[in-house]
Amino acid sequence: MDLTLTKDDKAIAARAKTFAETVLFPLEQECEENDGLPTQARKALIRQVQESKLGGYNHEKDVGGQGFNVLQQIVCHEELAKATGCLWSSVWRPAVPLRSGTKQQIDTYLRPSCAGDRRSAYAITEPGAGSDASAVASTAVKRGGNYVINGEKWFVTGANLADFFLVHVHMDGDVKKPTLFLVEADQKGVEVKRVPKFTHNAYFTHAEILFKNVECTPSQMLGEPGQGLDLTKEWFIETRLEIASRCLGAAIRAAEAANAYASERVQFGKQIRDFQAVEAMLADMAVEIMATKAMLYRVGWEVSQGIDAKLVHARASAVKLQASEMVGRVTDKALQVLGGRGYMRENPVERLWREMRVERIWEGTSEIQRVIIGGQIKKRGMGVYTGWV
Ligand SMILES: Cc1cc2nc3c(=O)[nH]c(=O)nc-3n(C[C@H](O)[C@H](O)[C@H](O)COP(=O)(O)OP(=O)(O)OC[C@H]3O[C@@H](n4cnc5c(N)ncnc54)[C@H](O)[C@@H]3O)c2cc1C
């Protein structure tokens, strides 16, 4: 068994670390205070991402991506995700299902997205459809040679950055025909209904978007009618591993900050790390991070080796569950070690603690991950998780 990272893996991680520390960290405070970045700063950041050669790192080189394997994407995101304000999302990762487009769709949507000239947002969730995507009420109905889309989407992450949306609808209102459409943000009938505030102050917004009689050509349909859920599931697998990498990076930054502070801070005439209660918190953080990293890198390596997609689906849920719950515990302990300073918004640990809360909710809540894991155990046996294949 060889668990070493290759020279290339390490070089990618080092590049991402430098980008996070030199470009993203200096923007954190501005992002926190303004709940995002002004347009000029966003444009400047796009140029810096283009120069960094990290943009589109989840896609192959032949469509303009960086050609990183899944393990390399993990180590890259782990470093970027140490930045607060969700600034990691400035290094774009165009939606996975765009790979399944026709040549014309790849040229129109995926290539420019990898280059940083276009950006998408994914719209599945609705007022009545959260964990249960089959409850989606948005519809596409054929009229003449085109399709007319109606519906309301919620929590559309990156709506402020996007110039097109991947919209999940039911063809003719038929639950058996989930279908994806590529809808331009400035298309007639697309309206931003509301931009609510969330717990984090972030680079992106999560808008509510209305689609009112939006007329789409057949060339705007991604895949076939009925294929929408399968395409979306591909997205879930990748984003669940991405989330796990993010939780890992955030936990490491918080633990490092706590460790440094524990040496710096003196109370009762001693460094606080010399109090066993504090030392135990540092130890627990280290062990939790080590366990999660081992799990995530293993699955990342397995995917990069071409393991059976069903196992990937099963294990991605376990990794997402573990990592997102772990980061909550670790950032909470790190904040505790920092005492009152850890509760100040100007402190990155406070922001990580607050921002990481959503990782247990989006892309399938912790409860839904347990439902998936339970279902996989029932279908395939415990060995999917307890074995080593
Ligand atoms: C900041 C943010 C950004 C988001 N970005 C996007 C986005 O870009 N695009 C998009 O489409 N969506 C997005 N979402 C939506 C997100 O994916 C949903 O919030 C999530 O899937 C949960 O759906 P819900 O909020 O409707 O909760 P619900 O599904 O209503 O769940 C409420 C509670 O019930 C539990 N529950 C539900 N079903 C079960 C079950 N079968 N077994 C056990 N417990 C269950 C849940 O775990 C949860 O605790 C975002 C959400 C947030 C908060």
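Everything quoted here is computed from the prediction, not taken from an experiment.

Novice: Mind showing me how you'd approach the domain arrangement of the chain here?
Specialist: By a widespread convention, an interface's size corresponds to the accessible area lost as its parts come together. For the chain, the assigned domains are domain 1 (7–115), domain 2 (120–224) and domain 3 (229–386). With centres defined by C-alpha atoms, the gap from domain 1 to domain 2 works out at 23 Å. Contact residues are listed per partner, giving 22 residues for domain 1 and 19 residues for domain 2. Buried area between domain 1 and domain 2, summed over both chains or domains, comes out near 1700 Å², and the portion from carbon and sulfur atoms is 58%. On the domain 1 side of the interface with domain 2, the three residues burying the most area are Asp-35, Arg-42 and Tyr-109, jointly 33% of the side's total. Taken together, the connections running from domain 1 to domain 2 amount to one salt bridge. Among the salt bridges present, the one from Lys-197 reaches Asp-35, with a minimum N-O distance of 3.0 Å. Here domain 1 is connected to domain 2 by seven residue pairs in polar contact (both at pLDDT 80 or more).

Novice: Before we go on, may I ask you to explain the nonpolar core in this structure?
Specialist: Within soluble globular proteins, side chains that are nonpolar generally end up buried alongside one another. Core analysis: the largest hydrophobic core is formed by 69 residues, its most contacted members being Phe-19, Leu-45, Leu-80, Leu-87 and Met-285. Those elements giving two or more residues to this core turn out to be helix 1 (7–24), helix 3 (39–52), helix 4 (70–80), helix 6 (228–264), helix 7 (276–304), helix 8 (309–338) and helix 9 (348–355). Of the residues forming this core, the biggest block, 14 residues, is contributed by helix 6. Residues within four places of Leu-80 in sequence aside, it is in contact with Ala-16, Phe-19, Ala-20, Leu-24, Leu-54, Tyr-57, Trp-88 and Val-91. In this structure, Val-183, Val-190, Ile-209 and Cys-216 belong to the second largest nonpolar core, which totals 21 residues.

Novice: Would you mind going over the pairing of strand 5 (residues 178–184) with me for this structure?
Specialist: Of all seven residues in strand 5, six are buried, a share of seventy percent or more. Pairing of strand 4 (residues 164–171) with strand 5 involves seven bridges; the strand directions are antiparallel. Counterpart to Leu-166 in the pairing with strand 5 is Leu-182. Direction of pairing for strand 5 relative to strand 8 (residues 221–222): antiparallel, over a ladder of two bridges. By the bridge assignment for strand 8, Phe-181 is matched with Met-221.

Novice: Any chance you could explain the site of the ligand here in plain terms?
Specialist: The full set close to the ligand counts 18 residues, and Thr-125, Ser-131, Phe-155, Thr-157 and Glu-367 are the nearest of them. At a separation of 2.8 Å, an oxygen atom of the ligand approaches a polar backbone atom of Ile-124. In this structure, a nitrogen atom belonging to the ligand sits 2.6 Å away from a side-chain N or O atom of Thr-125. For the ligand, whose accessible area on its own is 970 Å², the fraction buried by protein is 63%. Its residues assigned to classes, the shell around the ligand comprises ten nonpolar, six polar and two charged.

Novice: What am I meant to see in a nonpolar patch on the surface here?
Specialist: Taken together, the side chains of Met-1, Leu-3 and Trp-388 make up a nonpolar region of the molecular surface, amounting to roughly 490 Å² of accessible area. Here Trp-388 lies in the segment after helix 11 (383–386).

Novice: Would you mind going over helix 10 (residues 366–380) with me for this structure?
Specialist: For an α-helix, 3.6 residues make a turn, and residues three or four places apart therefore share a direction. An ideal rise of 1.5 Å per residue puts 21 Å on 15 residues; helix 10 measures up with 21 Å between its terminal C-alpha atoms. If you follow the buried residues of helix 10, they end up packed against helix 6, helix 8 and helix 11. Looking at the residues trailing helix 10, positive phi occurs at Gly-381, about 95°.

Novice: Which parts of the structure should I look at to understand the packing of aromatic side chains?
Specialist: Here the distance between the centres and the angle between the planes together describe a pair of aromatic rings. By the definition in use, this model includes ten aromatic pairs. Pairing Phe-204 with Trp-362 gives two aromatic rings, centres 6.5 Å apart and planes at 70°, and the pair type is edge-to-face. Residue Phe-204 is located in the loop between strand 6 (190–194) and strand 7 (206–216), and its partner Trp-362 is located in the loop between helix 9 and helix 10; the two are separated by 158 residues in the primary sequence. Judged by its relative accessible area of 6%, Phe-204 falls in the buried class. Take Trp-362: its relative accessible area is 16%, and that puts it in the buried class. An aromatic cluster is present here, built from Trp-88, Phe-204 and Trp-362 joined pairwise through their rings.

Novice: It is not clear to me how the pairing of strand 4 should be interpreted in this structure. Could you clarify?
Specialist: Each regular strand shows side chains that alternate between the opposite faces of the sheet. Extensive coverage of strand 4 is indicated by the burial of eight of its eight residues. The pairing of strand 1 (residues 120–123) with strand 4 spans four bridges and is parallel. Opposite Ser-120, over in strand 4, you have Phe-164 as the bridge partner. Where strand 2 (residues 139–143) meets strand 4, two bridges bridge the pair, whose relative direction is parallel. In the strand pairing of strand 4, Ala-140 is matched with Met-171. Connecting strand 4 to the next strand, strand 5, in antiparallel fashion are six residues, including Asp-172 with a positive phi near 55°.

Cut-offs and rules
- Residues numbered from 1 in each chain as written.
- Predicted model: local features only at pLDDT ≥ 70, side-chain atom pairs only at ≥ 80, totals over all residues.
- Heavy atoms only, no water.
- Domains from an automatic or database assignment.
- Contact = heavy atoms within 4.5 Å.
- Buried area = accessible area lost by both parts, 1.4 Å probe.
- Salt bridge = Lys/Arg side-chain N within 4 Å of Asp/Glu carboxyl O.
- Polar contact = N/O pair within 3.5 Å; in protein donor to acceptor, adjacent residues only side chain to side chain.
- Core = buried A, V, L, I, M, F, W, Y, C linked by side-chain atoms within 4.5 Å.
- Buried < 20%, exposed > 50% of the residue type's maximum accessible area, 1.4 Å probe, protein only.
- Helix = DSSP H or I, 4+ residues; strand = E, 2+ residues; numbered from the N terminus.
- Pairing = 2+ DSSP bridges.
- Near = heavy atom within 4 Å.
- Areas by Shrake-Rupley, 256 points an atom, 1.4 Å probe, with all protein chains shown as cover.
- Nonpolar A, V, L, I, M, F, W, Y, C, P; charged D, E, K, R; others polar.
- Patch = residues over 30% accessible without salt bridge, like charges linked within 9 Å, V, L, I, M, F, W, Y side chains within 5 Å.
- Expected span 1.5 Å × (residues − 1).
- Phe/Tyr/Trp six-rings, centres within 6.5 Å; stacked < 30°, edge-to-face > 60°.

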